[in-house]
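The primary structure of each chain is shown beneath.
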Amino acid sequence: MSDGEPRRVSGREGADAVSRLAVRSPVDGRTVGSVAATPPSRVEDLVARGRAAQPGWSAVGFDARARRLLDLRAWIVRERGRLIRTMCDEGGKTYEDALLEVVVLCQAIGFWARRAERYLRPRRSWARQPLLAGRRLEVRYVPRGVVGVIAPWNYPLVLGLGDALPALMAGNATVIKPSDETPLSTALIVEEGFRAAGIPPDVCLVAQGGAEVGRAVVDAVDMIMFTGSTPVGREVAERAGRRLIPASVELGGKDPMIVLADADLERAANCAVYYGMGNAGQTCQAVERVYVEAAVYDEFVRRVTDKAARLRMGAPAGPGSVDIGPLARPGQREVVSEHVRAAVAAGARTPVGGDADGSFHAPTVILDPDPSASCMRDETFGPVLPIVKVRDAEEAIALANDSRYGLNSSVFTRDVRRGEAIARRIEAGASCINDACANFLEIGAPFGGWKDSGLGGRNGAEGIRKYCRQQTILTARVGLRRDPNMFPYRARVTRLLERALTIAYGRRS
Ligand code: NAD
């Protein structure tokens, strides 16, 4: 969780003073940039600017908006070097992890530019209710106005601008509030990329700061799209509820992986290490717990341990330089170390890793931690992979579901039908067979958590419709002066209606 307000603001004091939010490298603490902090008291003005710009943006239509966003995509591809460097600097990402964000963002722009109009096309039909015979219905989607997007630090672009894209394509204005840990990449795209793409300046605005600025955004916008931790998501949803504005909250996870005895162990081990430790394990849907059938446990552990031991950890530089960077936040290393320490103190073993150095935490495998250990129950958010031996698939499913989270999950088996049957029994918003996390890349498929992992969701048709109010328009034929159910009530007509009721609905079939 973001722990304070404002942690790294420097500069002049006073209500209207423009202070700067300094950003430090997670690698060595040096200042890598700064942005102007938005005083919470100014957020309302920012939203008012968005509200004034929104009708014009909505009026230009889908094609014009798509063209602008595709121009933005071309700018992103041209300037990817700067964007990647900025994400590596502010969040300690490896080159490849930062590049992945650029790739996913570019895919998302193309997807929403092409599909938005189809998803939001008015739906027309004839009324089916006999009393409404002959009426036409139209259900249309109307942009909500100004959508606030509050983003976490672990994927600053995909979960900030990425969530603003469908809102923009639907004709809304947006105010993005990036994490105060990673404000630079969003500022770069919005200040330079949007301008270069010819997008009107107030259509996508940025509010920079921490929790107080986030609260001010929730208090001013017409809808809130939040991604972050479960406790903060709860607060955001409550705050939005008081204002009766919709909130989509995408929260934490503790994703289980199940490895059955007939699995392709090499693929399972590669997926466990990559999806458990990529981005230094700082991914909401990272593999955070692995349950392996007893028959293949030793072999699976051997493969995972070998692979984890070969990961290169260090300060991110150019392509291919390191596999694991630092943990992005000062407090995160303590959380990760504490999870490992507590598991070991309770008798678990760590055949690889276990130690920390500055802001780096070594890739770590934990064998057979107690189910009550923090590394099995709470989000670790680090390059740590606990592996547990289970009797059979039934025990694996029971343990996988014994969690307050339900974001993503995975099952590895050569028997794909059995894998799918198991996946359907896992209490999570998504499950992959012989894969993990990959469903997130399919923007046409809904992604959202169950239980404490969230409320709402992103992607798919609902991923853009949620940014709209729905309006139903009913049109009656001209010419019919009075419907049978209208005043004055007459016994004969009422009896006829009752007869019709018995005939239509009085029998089961
Ligand atoms: P966080 O909850 O601390 O902060 C998220 C954002 O909310 C930040 O921009 C922060 O400044 C802002 N914020 C903090 N307090 C606020 C408040 N009271 N009101 C309004 N805004 C407030 O989360 P984080 O540490 O930045 O991100 C990591 C968390 O995000 C992890 O739990 C991770 O699992 C989760 N996450 C979820 C998804 C998903 O899609 N489900 C994706 C990525 C990350």
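Residues numbered from 1 in each chain as written. Predicted model: local features only at pLDDT ≥ 70, side-chain atom pairs only at ≥ 80, totals over all residues. Heavy atoms only, no water.

Asks: Requested: an account of the pairing of strand S3 (residues 31-36), with residues and values cited.
Replies: Pairing of strand S2 (residues 20-24) with S3 involves 5 bridges; the strand directions are antiparallel. Opposite Val23, over in S3, you have Gly33 as the bridge partner. With antiparallel pairing between neighbouring strands as the criterion, S2 and S3 make up a hairpin whose turn holds 6 residues, including Gly29 at a positive phi of roughly 80 degrees. (Pairing = 2+ DSSP bridges. Helix = DSSP H or I, 4+ residues; strand = E, 2+ residues; numbered from the N terminus.)

Asks: Summarise the packing of aromatic side chains; cite the residues concerned and give the values.
Replies: For the coordinates displayed, the defined rule picks out 7 aromatic pairs. Pairing Phe111 with Trp112 gives two aromatic rings, centres 4.9 Å apart and planes at 85 degrees, and the pair type is edge-to-face. Of the two residues, Phe111 and Trp112, neither departs from the other in class, the shared state being buried. An angle of 55 degrees between the planes, with centres 5.0 Å apart, marks the rings of Phe487 and Tyr489 as tilted. Both residues of the pair, Phe487 and Tyr489, count as exposed. Taken together, the ring pairs connect Phe111, Trp112 and Tyr119 into an aromatic cluster. Of note, Arg65 hangs over the ring of Phe62, and the distance from its end group to the ring centre comes to 4.8 Å. Sitting above the plane of the Tyr155 ring, Lys93 keeps its charged end 4.0 Å from the centroid. (Phe/Tyr/Trp six-rings, centres within 6.5 Å; stacked < 30°, edge-to-face > 60°. Buried < 20%, exposed > 50% of the residue type's maximum accessible area, 1.4 Å probe, protein only. Lys NZ or Arg CZ within 6 Å of the ring centre and 35° of its normal.)

Asks: Talk me through the packing of helix H2 (residues 61-78) against helix H6 (residues 184-196); I want residue IDs and the actual numbers.
Replies: The interhelical angle for the contact between H2 and H6, taken along N-to-C directions, is 120 degrees, at an axis separation of 8 Å. Between H2 and H6, the interaxial angle falls into the category oblique. Pair H2 / H6 crosses with right-handed handedness. For the pair H2 and H6, the contacting residues are Leu72, Trp75 and Ile76 in the first and Leu188, Ile189, Glu192, Gly193, Phe194 and Ala196 in the second. Across the contact of H2 with H6, the residue classes break down as 7 nonpolar, 1 polar and 1 charged. (Axes fitted to C-alpha atoms, helices over the stretch in contact; angles between N-to-C directions. Parallel < 35°, antiparallel > 145°, perpendicular 65-115°, else oblique. Left-handed = near helix turned anticlockwise from the far one by under 90°. Contact = heavy atoms within 4.5 Å. Nonpolar A, V, L, I, M, F, W, Y, C, P; charged D, E, K, R; others polar.)

Asks: Provide a residue-level description of the nonpolar core, including the pertinent values.
Replies: With 52 residues, the main nonpolar core has Val259, Val290, Phe300, Val304 and Ile387 as its most contacted residues. Of all the elements, helix H9 (residues 265-277) adds the most residues to this core, at 7 residues. Beyond its immediate chain neighbours, meaning those up to four positions away, Val290 contacts Met257, Val259, Phe300, Leu385, Pro386, Ile387 and Val388. Counting residues in each nonpolar core, the second largest holds 51 residues, with Met87, Val149, Leu168 and Phe194 among its members. (Core = buried A, V, L, I, M, F, W, Y, C linked by side-chain atoms within 4.5 Å.)

Asks: Can you tell me about the sheet that holds strand S4 (residues 123-126), naming the residues and giving the values?
Replies: Spatial strand order, S4-S5-S23: 3 strands in an open sheet with antiparallel pairing. Pairing within the sheet leaves two strands with one partner each, and these edge strands are S4 and strand S23 (468-475). Strand after strand, the sheet turns through a mean of 20 degrees between neighbouring axes, direction not considered. With 4 bridges connecting them, S4 and strand S5 (residues 136-143) associate as antiparallel partners. Note that in S5 the partner of Ser125 across the bridge is Leu137.

Asks: Give me the lowdown on the environment of Val139, citing residues and values where you can.
Replies: Assignment of secondary structure puts Val139 in strand S5. Along the chain, Val139 and Leu120 lie 19 residues apart, while their C-alpha atoms are 9.7 Å from each other. Contact partners of Val139, with chain neighbours within four places excluded, come to Pro122, Arg123, Gln470, Gln471 and Thr472.

Asks: Give a detailed account of unusual backbone geometry, specifying residues and quantitative values.
Replies: The phi angle of most residues is negative, glycine excepted, and most peptide bonds adopt the trans form. In this structure, Pro488 follows Phe487 across a cis peptide bond, with omega equal to -5 degrees. Structurally, Pro488 is set in the loop between S23 and helix H16 (491-505). A positive phi angle, close to 65 degrees, is found at Cys437, a residue other than glycine. For Cys437, the position within the fold is in the loop between strand S20 (432-433) and strand S21 (450-451).

Asks: Would you mind going over the environment of Leu496 in detail, with residue names and values included?
Replies: In this structure, Leu496 sits in helix H16. Between the alpha carbons of Leu496 and Leu157 there is a distance of 63 Å; along the sequence they are 339 residues apart.

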